[in-house]
Structure formats: C-alpha cells, structure tokens
Amino acid sequence: MVLKMQEDPRRRFIWSEISFFSKWWDNISAQKRAAVRRLVGNGQLEMVTGGWVMPDEANSHYFAMIDQLIEGHQWLEKNIGVTPRSGWAVDPFGHSSTMPYLLKRSNLTGMLIQRVHYAIKKHFAATQNLEFMWRQTWDPDASTDIFCHMMPFYSYDVPHTCGPDPKICCQFDFKRLPGGRINCPWKVPPRAITDANVAERAQLLLDQYRKKSKLYRSKVLLVPLGDDFRYDKPQEWDAQFLNYQRIFDFLNSRPNLHVQAQFGTLSDYFDALYKKVGIVPGMKPPGFPVLSGDFFSYADREDHYWTGYYTSRPFYKSLDRVLEAHLRGAEILYSLALAHARRAGADGRYPLSDYALLSNARRNLGLFQHHDAITGTAKEAVAVDYGVRLLHSLTNLKRVIINAAHYLVLGDKDTYRHDPAAPFLSTDDTRPNQDSLPERTVVKLDASPRYLVVFNPLEQERLSVVPVLVDSPHVRVLSEEGQPLPSQLSAHWGSATDTVPDIYQVSVLARLPALGLRVLQLHKSFNSHGALKSSVRLYLHGRDLAVRKQEAVPVHVFPATTEDFCLENQHLQACFSGHSGLLQSIRRAGEEREQRVSSEFLVYGTRTSKDKSGAYLFLPDGEAKPYAPKDPPVVRVTEGPLFSEVVSYYQHVQTVVRLYNVPGVEGLSLDVSCLVDIRDHINKELALRFSTDIESDDTFFTDLNGFQIQPRRYQRKLPLQANFYPMPAMAYIQDMQSRLTLHTAQALGVSSLSSGQLEVILDRRLMQDDNRGLGQGLKDNKRTCNRFRLLLEHRATANKVQDGRPISFPSLLSHITSMHLNAEALVMPVAQEKPAPPALRSFMPLSTTFPCDFHILNLRMLQAEDDSLPSAEAALILHRKGFDCSLEAKNLGFNCTTSQGKLALGSLFQGLELGSLQPTSLTLMYPLGTTSNSTNIRLDPMEIATFRIRLG
C-alpha cells in the first residue's frame, strides 16, 4: 500500500480497523511509519471510523462499543496524530441506531452503511432516501443528527458498486482479469483498458454510474472499489489503479460527457457532496430526509433473514459480558487505588504494570466486538482463539482487581507489599479452559476467622445476598466490626439428586457500598448462632433414583407427588407446576389476582429443502414444537429465610428460578437461569417462551446495545424468522396495566409471536453451512449458562405511550435490575495465612449518594507516553439514563434519588481531589468548551458524556 500510493498522488485508499493496522505498524520501520503519516496528512490514505474493529451492532453492548472506539482513536492520536471524520460499516448484519449516536458524539460528520434489508433498500432507492440525517428517537432538537449514506445494492463488492448490473460492474474489477484466481460468475471477464477500447469501456461504465446516480439526490456519486481479502499483491494495485486512471483520463477529457471522475476517500466524497449542496460538513443538506430507528432484522434475499446470529455460540456471547463487567470493575478500582496510592506517595510500591493488563483486556474485548466474533460466525478454530484471548484477559483482570482491592482495604497502607507470586486475595472462581463454566472457590474454615472482601461494581449501594462456598456446615458470618449478619446454609448439589460431600453454600445478606469493598468474616461455629438452614424437597416424579444427602441440610424426598406449589417473599408470590417445575404465575403483594406467567421450552427444527439454518440464518421448518424429553424432570425446591428456589433438571436444560427474600431491588424480580447442553441435537434450536395475559397485541420492545429501547411489531405477513430481534440486555411486553420485562446477562435472539408472549432462543446446533462465507456448520456447542431476571411491573398511570412518537424507556427499577444482573458482586477470600492478616477496613469511595439515573460507564486511566503505563489523567464517562416514570416505584425499599441531571463531581470521591475537569468528545479527541473551575455538570436524559479528569 505505502509503495503503490506514493507512485501517484492521485491515488486514494481507506482503512477501517485499527486492531489489524496496529499489528502491521508494530513491525514496520521508522521510514515507513513516516511515509504512512505523510499519506494520511496529504489525504491519500484515510482512516475511517477508526475503531479497534468494525463492530457487530446487534449483540454488542454499548460499553464495549465505546471502549473499542476509544481504543482505536487513542491509538490513532498517539501514533499517527489523526482524528477520523467519517464512519464506514459495510459488513455488520443489520445496523443499530446506537452507532450514529456514538459517532456523532465522537465528532464524526458522516457515516456509511450497507447491510440493510433488500426491500428497505428498494423503497429508499425509489424515493431517493438512501442518504438521510439519522436522528435518535428521543432527540428533541436535532443535536444527534448525523449524515448517513446507505449503499443501494446487494453487496459491497465491485460487481455491486458501480451500478445496478453486476454483469457489467464485474468487468471493471481488474483483479478478475483472465489468468487470475478469481473470475466473474456472470461469464463476461474484465478487459484491460487500452487506447483502442477506452471509449467503449468508459461509456459502458458511465452508463452504470448514471443509473446509480439517479437513486440519490445529489450529483456526486460514490463508487467503492474493494472486497474481502484484497489489495495484498502489487499486481492487483497496478491492475486497479492503472486501468481506472485510463478510464478517468478519458472521461475527464470529454467535456460533452458532463462528468468528472477521480479516486477519492470516503471523506472526499462527503466533502464533495457538502460543497455541491453548499453547506458545511455535518449540517442537514436542504431537502434531505430525517430518519429515526434502526435497521434490524436484515435479509439479503428471499426469506433469508439473518436472525440466527443473535444467538449463535451463546457461550461466548455470555463470556463477553463477564469480561466486560470485569473490565469496567477493574478500570474503576485500578483508577481509585492508583489515585489513593499517588496521594499517599505510595505509587512506587503499587503495581503500575497492571496497566498493561488493562490495556490488553481492552483490546481483547474490543477485538471480540468484531462482526464475525461476538456474532458467532467465525470458523471453529478462530472461535477457540477468541475464547483463549477472552479467558486470558478475564484472568488478568481478576489480578488487577485483587491488587487494587488489596491496597484499598488495608487499614495501614504502609504495610502494602505487592507480591505477584502470593496474591493477598484469591479469585472468586476459576475456569480451567476457554470453554469451561466457572468453578467457584471453596473457602476452607479453621479455628481463626477467614476474611472475605466483597466488591460491588455498581455506583449504587446494594443490599445483596452474597453466596460463598465453604467446607463446613458450622459457619457464622460477621461484619468487619464483629456484628453477626443474616445468613442461610444450603447444600451444594453436584447433580439432580447428589449433594457434594463436605461443600456447603452459605448465603450472606450484606449491604455493599457503592463502587466499594466490604470486609466480612467467616467463623467456624458449633453453637446455635450459625447460619439458618434451608429445607429441601425433592420431587422424583416416579423415577427410580438414589439420593445422596448430607445430615447438615434436611432433604425430603417425594417419589411421586405432583401438586403445584408456590414460593413467596414480601413483594411477590411465584407459583410453579408440580409436574414440570416450571413457572406458572406471579402475584404481587397486596393484589388479589395473580398474573399468568407460564414458561415452557420449545424446539425449532430447520427446513428439509436446500436452504437450511446456519450460523447466520434462521430458517425454521415452521412453528416451534414443545420440548419433549424422554424422562420427567427431577424438581428440587429449596426454601430458606434469605432465598428460595426451584431447580428443574431436564435432559438438555437445567433451570433455576430463585426468589430473594430481601427488601429492595433483589426481591422485586425473579432470578432465572438456564444451563443448556444440546450437544446431542441435530439441526435443532432450543427456545424458552413465557406466556401471559398481558394484552400486548402485536407490539413488543427490545433494547439496542443495552443503550436504548426500540419498539417492535410482530408482522404476520412476514415469515416467522423475520420477527426475531437482538436482545443484548432486555425485552418487554406491556398493556395499560402491566409490563413484563425479561432482563438478560448475555445477548440472545428474542421475539413475541403472539399477544402476551415473549420468547428467547437459548442455543442452536446446526449441521451445515448457510452459504454466507463461513463454510462450516455450528457444531461446537458448549454447556452454556444463560442468566435472566424476570420483572413484573404495574402502571401507576394508565398511559401506553408517552406521546405520539414510537419511543419507550425502562423504569428506574428496570434499569437498576439490569445493572444488578450484569454487574455481580465479586467475592474474594483473603488468602489463607498462618499469622493473622493485617487490619482490614471496608472501602467506600463515594462521599454522596449517586443519582440513580446516572451511570458511571467507565473511569479509565489514560496511557502515558510509554503506553504500558498510566498517565496522571483518566477518562470519566457518564451516562444519564432515560426512564419511564409511569411505572410505580413506591415502597420499593431502595433509596433512589434523581437530581434533574445535575451532578457535583468535585466532591464525589471521598478522600480524593478533582484536580481538573475537561469535557471532551466521546473518545477524548476534541475538548468541548473551556476548562472551567466549576466541577458541577448537567446531562440531559440519554446523553453520554466524557470528561478528562485528574484525581489525586
């Protein structure tokens, strides 16, 4: 590229993904780097979007989308000194409206998208709406508008970019000249351009250009010239650039043709268009349309909807979110520990080298947001490589968290010594391999107390039930001050009917400080003051199974009973089928009638015809059939003072529904998890469906990237698979009285196929390729745990929509429930030492209660000149959530205050001073406004804002 671009200053090239570019950069000479900087500086080479990757927009969560954008932009600023101006997304399978928001807030002025449903492309082309201002649904004043160009045809390859006829366009892909490896499927090969044929060839191409140009409003035309795995040989550079230059020279020398043609970058195109319509970049061109909403779901032909990848490889979709939660927690705790250490002059003893681990984790999480990674559409060996990277980073982040927590909980910081060989704290769990489920750490009790440090990564205090595995039933839990804490003892089950000998779970009710660390003590206790025992009922449904129990936890076995039963706490009562063990109804405290909420498992098959489901496509053979296992389930009911749960063991899925008997957020929803293993299925997909009496008609709501809600409608006229949508964080149905929300800890596909229903695809196993470039089936299924929260809310005021706009928001309770599910408390035992550990104190970083519609998305130390070390500055990224106040939130038992979007940052962190505060664009490329001495800020609902700060 560097050589070929330097041969002729008229040549242009664009590059998008920094992850790959940085690998190349690391291995080139200083001269070559200087040449690249020159090419970028003179406009020949443009870095478009400039994220770490070109991310998937369906399954990716907004934390990771922003993080990979910052990672790429920070790399570009440091190494090349450039800030991207235009977005380029030709390959994500459908497009989310979160992306234009993030690009706009990063100061980009234009963007391009390609994979949009062919019927939408056709409609937009017919109405000349392929270029539009893309605006957020909640935006009252056009502040989120960004100019968007939609490509009009089937693909981004050369046959589909010059005009409507691929047979002609393919003749102008000069890599396909006869004698090469690839040819034109339309049977007419390209011909090299000569003086003899240039007039005829140029006219043929110009005719395509004119036809394509009629689909757009301006007289400026964009013709991208590229494809997958291209421009890797000098011969191809020569073939493309030389032949096209001959065509351009001919066209430009004929004034009667009324055309000027040249090579250009994406921003060259946008600039030319703005100049033609006479406005500055970023403004709305007169007469151009404004659009709000998203572009899911995508179909490229016939009824081939790309809705399978919303669930494909759910194991890794789940691991992605575990890593994300750990990254956010590690970033914040590292930033706080470092600020405190620097303030105490102890940063010489603090492991600054942990910054390199954070940096590596950012890049591995960023890499996994790629549109062939989190989507589940990579080859098996590549999926394993992603898994290894994710697990490696997860392990490293646990180390970063442990080192920060160690420093922050020490009563006497002078005793802090970092010893990488003997960490002060143990991890909460371990994963032997990249495809293993986590194995929880067992704390061994002895005569001296064992200490636990519990990290709450949320910016709100939470009252949570914290589970710990111990090796004795004789256990008592105390606060750091020695006060006994409520706790519940239960058995640890290895299978449906077997308890694990000598392992018990003690569940502690603990108040965890916001973003803080709480110290707890475990004592061996043989008197009656220990943990309260839970009782267990085991329903065998006539199956002849031996039961292994332990004396310490009473278990009652019912060989053949099938009566229905209920569990309840102070907020709600949940009733279950005695036969299936599955949820049947929910009744809220103080209400007479119960709400039917029944769950069932279903199986989708795939077609018998040639086109079958694969990693991308969902092509079912009709409606789902009930899941019919060969044996009835074993159902285990545990009841206790802090939580009760129902576990149903089926052949391919084990489901747990848990009800926390605690005041506040934890007790207001049902905790649901499904352990899925379909490795013996052939061409089947397993779904979980909830059916209710809610009169939702054909409307349901799904989130986009955990950032915003998009209303959906079930379209009867479309095939079943067209009605599935991505669900990265939540989906809900509602009527005038109530709303039922399914919160999820991992991205999965979701739909509502009839009134009152909500269903989610848990896993899919498909034996064949679906002809979209992967070349493999989806056969590497793992045992996967999918985690959910089910929240039933009632409307205080019966209004279904806030105003005429198609817009909806979760309630505050719903937002906080989602955060609880996605940011679990981390329990780290102090490593066993013979001498008594030094005095430990709980750490409470915030001096005031944070408004509960604000979220600290990240507190991320910025890199120093040496990019493996932190500078003195950090990026504080805040998000003010939009919420629906018509859902009742009285007596919820959690302290929740909002502040009209105002926040005093100066006094936020206890014991730390805010040295400086500079508002910036989202990825820190541009300062916004002047640095003022005021540390009070204000955010509008839905806005995300980044601040460059110094803490110390």
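Presented here is a report on the structure given in the accompanying data block. (Residues numbered from 1 in each chain as written. Predicted model: local features only at pLDDT ≥ 70, side-chain atom pairs only at ≥ 80, totals over all residues. Heavy atoms only, no water.)

## Some points on the sheet that holds strand β28 (residues 670–676)
Reasoning step 1: Spatial strand order, β19-β18-β25-β26-β27-β28-β37-β34-β33-β30-β31: 11 strands in an open sheet with mixed pairing. The open sheet has two free edges, formed respectively by β19 (555–558) and β31 (708–713), since each of these has just one partner strand. Strand-to-strand twist of the sheet, defined as the mean angle between neighbouring strand axes without regard to direction, takes the value 20 degrees.
Reasoning step 2: Note that β28 and strand β37 (residues 784–794) share seven bridges and pair antiparallel. Within β37, the residue paired with Cys674 across the bridge is Asn786. (Pairing = 2+ DSSP bridges. Helix = DSSP H or I, 4+ residues; strand = E, 2+ residues; numbered from the N terminus. Axes fitted to C-alpha atoms, helices over the stretch in contact; angles between N-to-C directions.)

## A word on the pairing of strand β40 (residues 870–880)
Reasoning step 1: By the criterion of burial, β40 is predominantly enclosed, with nine of the 11 residues buried.
Reasoning step 2: Between strand β39 (residues 854–863) and β40, which pair antiparallel in sequence order, lie six residues.
Reasoning step 3: As paired elements, β40 and strand β44 (residues 944–951) share seven bridges and run antiparallel to each other. In the strand pairing of β44, Glu873 is matched with Arg950. (Buried < 20%, exposed > 50% of the residue type's maximum accessible area, 1.4 Å probe, protein only.)

## Focus on the nonpolar core
Reasoning step 1: Leu517, Leu878 and Ile944 are the most contacted members of the largest nonpolar core, which totals 116 residues.
Reasoning step 2: Not counting residues within four places of it along the chain, the set of residues in contact with Leu517 comprises Leu333, Ala405, Leu408, Val409, Val453, Val454, Phe455, Met828, Ser842 and Phe843.
Reasoning step 3: Within the second largest apolar cluster, 59 residues are counted, among which are Tyr298, Tyr539, Ile586 and Leu774. (Core = buried A, V, L, I, M, F, W, Y, C linked by side-chain atoms within 4.5 Å. Contact = heavy atoms within 4.5 Å.)

## Digging into the packing of aromatic side chains
Reasoning step 1: Evaluated as defined, the whole model comprises 55 aromatic pairs.
Reasoning step 2: Measuring from centroid to centroid gives 6.0 Å for Tyr350 and Tyr416, while their planes differ by 20 degrees, and the two rings are stacked. One end of the pair, Tyr350, is in the loop between α11 (314–343) and α12 (354–368); the other, Tyr416, is in the loop between α13 (380–409) and β8 (429–430), with 66 residues separating them in the sequence.
Reasoning step 3: Residue Tyr350 is classed as buried on the basis of its relative accessible area, which comes to 3%.
Reasoning step 4: When its relative accessible area of 1% is taken as the criterion, Tyr416 is described as buried.
Reasoning step 5: Ring pairing ties together the aromatic residues Phe13, Phe172, Phe174, Tyr231, Trp237, Phe241, Tyr244, Phe248 and Phe263, which thus form one cluster.
Reasoning step 6: Sitting over the ring of Tyr407, Lys413 keeps its end group 5.4 Å from the ring centre. (Phe/Tyr/Trp six-rings, centres within 6.5 Å; stacked < 30°, edge-to-face > 60°. Lys NZ or Arg CZ within 6 Å of the ring centre and 35° of its normal.)

## Structural notes on the state of the cysteines
Reasoning step 1: Summed over the entire model, instances satisfying the criterion amount to four disulfides.
Reasoning step 2: A disulfide bridge connects Cys162 with Cys169, and the sulfur atoms are separated by 2.0 Å. The chirality of the disulfide connecting Cys162 with Cys169 is left-handed, given an S-S dihedral of about -85 degrees. Like Cys169, Cys162 is buried.
Reasoning step 3: In this model, Cys566 is linked to Cys575 through a disulfide, with the two sulfur atoms separated by 2.1 Å. (Disulfide = S-S within 2.5 Å.)

## Re the sheet that holds strand β3 (residues 86–89)
Pairing between sheet strands relies on hydrogen bonds along the backbone, with the strands arranged either parallel or antiparallel.
Reasoning step 1: Spatially, β3-β4-β6-β5-β7 is the arrangement adopted by the five strands of the open sheet, whose pairing is mixed. Each of the sheet's edge strands pairs with one partner strand only, and the pair in question is β3 and β7 (290–291).
Reasoning step 2: Relative to strand β6 (residues 146–150), strand β5 (residues 131–134) runs antiparallel, the two being bridged by four bridges. Bridge assignment links Trp134 to a residue of β6, and that residue is Ile146.

## With respect to the environment of Arg772
Reasoning step 1: Tracing the backbone shows Arg772 in the loop between β36 (757–765) and β37.
Reasoning step 2: As for Arg772 and Tyr616, which are separated by 156 residues in sequence, their C-alpha atoms are 7.4 Å apart.
Reasoning step 3: Apart from residues no more than four positions distant in its own chain, Arg772 is found in contact with Asp300, Arg301, His304, Trp306, Tyr616 and Leu617.
Reasoning step 4: There is a polar contact of 2.9 Å between the side chain of Arg772 and the side chain of Asp300.
Reasoning step 5: A polar atom in the side chain of Arg772 sits 3.1 Å from the backbone oxygen of Asp770. (Polar contact = N/O pair within 3.5 Å; in protein donor to acceptor, adjacent residues only side chain to side chain.)

## Examining a negative patch on the surface
Reasoning step 1: The grouping of Asp26, Glu865, Asp866 and Asp867 at the surface amounts to a negative patch.
Reasoning step 2: Its relative accessible area of 55% is what places Asp26 among the exposed residues. (Patch = residues over 30% accessible without salt bridge, like charges linked within 9 Å, V, L, I, M, F, W, Y side chains within 5 Å. Areas by Shrake-Rupley, 256 points an atom, 1.4 Å probe, with all protein chains shown as cover. Salt bridge = Lys/Arg side-chain N within 4 Å of Asp/Glu carboxyl O. Lys, Arg positive; Asp, Glu negative; His and termini not counted. Charge placed at Lys NZ, Arg CZ, Asp CG, Glu CD.)

## Quick word on the side chain of Arg450
Reasoning step 1: Position of Arg450 relative to the elements: it lies in strand β11 (residues 450–455).
Reasoning step 2: We note that Arg450 is buried and unpaired, the nearest opposite charge coming from Asp446 at a distance of 6.0 Å.
Reasoning step 3: A polar side-chain atom of Arg450 sits 3.0 Å from the main-chain carbonyl oxygen of Lys444.
Reasoning step 4: Non-local contacts of Arg450, meaning those with residues more than four positions away in its chain, are made with Val443, Lys444, Leu445, Leu520, Gln521, Leu522, Pro829, Val830, Ala831 and Gln832.

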